[in-house]
Amino acid sequence: MKSRTALLALLVTVSCSPPPPPLTATTRMNAEVAPVAAPAVEVSTFVVPIRANLTMLTKEVEARVPKTFKETVNERGFDITYNVTRDPVRLQMIGAGLHASTVARYSLEVCRGRVCISCGVNEPKRQAAITLHSAITWDPSWRLASTTKPLPLDFPTRCAPFGFDVTERFIAPIVRDQLAVAAKTIDKNTPAVTNLRATAQEVWSSLQTPMSIGARTWLVLEPQDVAIAPLRGSGLNVASALTLHARTRVVIGEKPVVAQRPLPALTVAAPSAGGVRVPFDLELSYPDATRLASDEFAGRSFDMKGQKLTVRDLHVAPGSNGKLLVDANIDYRSYHGIVRFEGAPVFDAATSSVTVPDLDYALTRGGFIKFADHFAHDTLRARLRENARFPIGTRLTTLRNDISRALTRPLAPGVALRAQANAIQPVSVTAASDAIVVRVIATGTAEVDVK
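Residues numbered from 1 in each chain as written. Predicted model: local features only at pLDDT ≥ 70, side-chain atom pairs only at ≥ 80, totals over all residues. Heavy atoms only, no water.

A look at the state of the cysteines
Under the counting rule described, the total for this entry stands at two disulfides. The disulfide bridge from Cys111 ends at Cys116, spanning 2.0 Å between sulfur atoms. Sign of the S-S torsion, about 115° for the bond between Cys111 and Cys116, identifies this disulfide as right-handed. Given a relative accessible area of 41%, Cys116 falls into the partly exposed group. Between the sulfur atoms of Cys119 and its disulfide partner Cys159 the distance amounts to 1.8 Å. Classification of the bridge connecting Cys119 and Cys159 rests on its S-S torsion, roughly 70°, and on that basis the disulfide is right-handed. Of this pair, Cys119 sits in strand E6 (residues 115–119) while Cys159 sits in the loop between strand E8 (144–150) and helix H4 (166–193), and the two are 40 residues apart along the sequence. Judged by its relative accessible area of 6%, Cys119 falls in the buried class. Judged by relative accessible area, Cys159 falls into the buried class, the value being 1%. When the bonded cysteines of the protein chain are numbered from the N-terminus onward, they pair as 1-2, 3-4. (Disulfide = S-S within 2.5 Å. Buried < 20%, exposed > 50% of the residue type's maximum accessible area, 1.4 Å probe, protein only. Helix = DSSP H or I, 4+ residues; strand = E, 2+ residues; numbered from the N terminus.)

Structural data, given as structure tokens:
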């Protein structure tokens, strides 16, 4: 009985007090609205796989290093005839090094007058194992570079008649000379195998061209640096990866004019996974927010211990200190008017909606409105907290697809960017002066194909 009497007294007071003014464009402009910060600058990583084949080097070595040597010399009264034949040179990448190997097969005949001693004549030829090792790196001109050194010769069975090592005296110098030729051939021709500068320049320049991701909406990439991974290989195939880091931002309006940054010097760094991080502000206008909230809540009635409370409509507008104002136009007994609430908007990942979980009664010029019946007071607040939500899941899906389409495009002839926005991560929600701004980060993978 006491609660009914108190409720009646409060309703009489409320009906005599001026209700809070409706939320109009004027009141929104006069409200103290927290400014929205510019999108955070995010760094994306673009990976350009690099693959090359060393078959050309093999052909060059084969062409420049003679396959056979035959000569007769006279030394200390001895006539020495030698014949050397090499097997094909085999090039093989092992990790970051290039190994070149072959086997030289030779025969020797040492004669003084009619007396001759031979090695590898009328018997299997003697052998020499020949190996070169090339350290392959990237040079500042964006080409492969090699430094080749012969490894010590291995003569399993030397020819040394009368204790005179003929192999070391005559065969070894010939083999070493040819090794030097092979080493020079490799080092001279390695830069021609892969020249990345043109490709890197195309990718670097093309990434700086603004990409359309919607009506008057542009994704701008600002490349910061470029690095290449140390070379690795197996057999005749070598592989590496070019990694470009770029700052990403979204510009709304006319297509922005971007000053081209020059391609920086090449550095070598450990490879990293390719990925994109695109910051984006998804704006939900207050008329749209009002419509979405009304779709969820307007016209519903609630039983307040035998008394019906009806929410005729809702209106959403910006409040102070980054909060939202929600006007609920209600009918409850003899009160017909607006009850104002405010709260901080947040993103609810479970429903892909903007919600206001701390929505509570607001102070207005008409006084702080409370229902004397605590049950009615608490129930209305709870129902608004549950139902004052703004679904944006469809917009997030559209945004993710738009970004994926924008990032999958040709950069230059034979060079194509492939990217996929796999997820949209909302990071903040702000009540701006003209819209609810949901800051999201689109994340995914990125790779550049070079044919």
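Regarding the sheet that holds strand E20 (residues 353–355)
Strands sit in the order E19-E20-E22 across an open sheet of three strands; the sheet is antiparallel. Two strands bound the open sheet, and with one partner strand each, they are strand E19 (346–348) and strand E22 (389–391). Pairs of neighbouring strands in the sheet enclose a mean axial angle of 30°, with direction left out of account. By the bridge criterion, three bridges tie E20 to E22 in an arrangement that is antiparallel. Following the sheet pairing, Val354 is matched in E22 by Phe390. (Pairing = 2+ DSSP bridges. Axes fitted to C-alpha atoms, helices over the stretch in contact; angles between N-to-C directions.)

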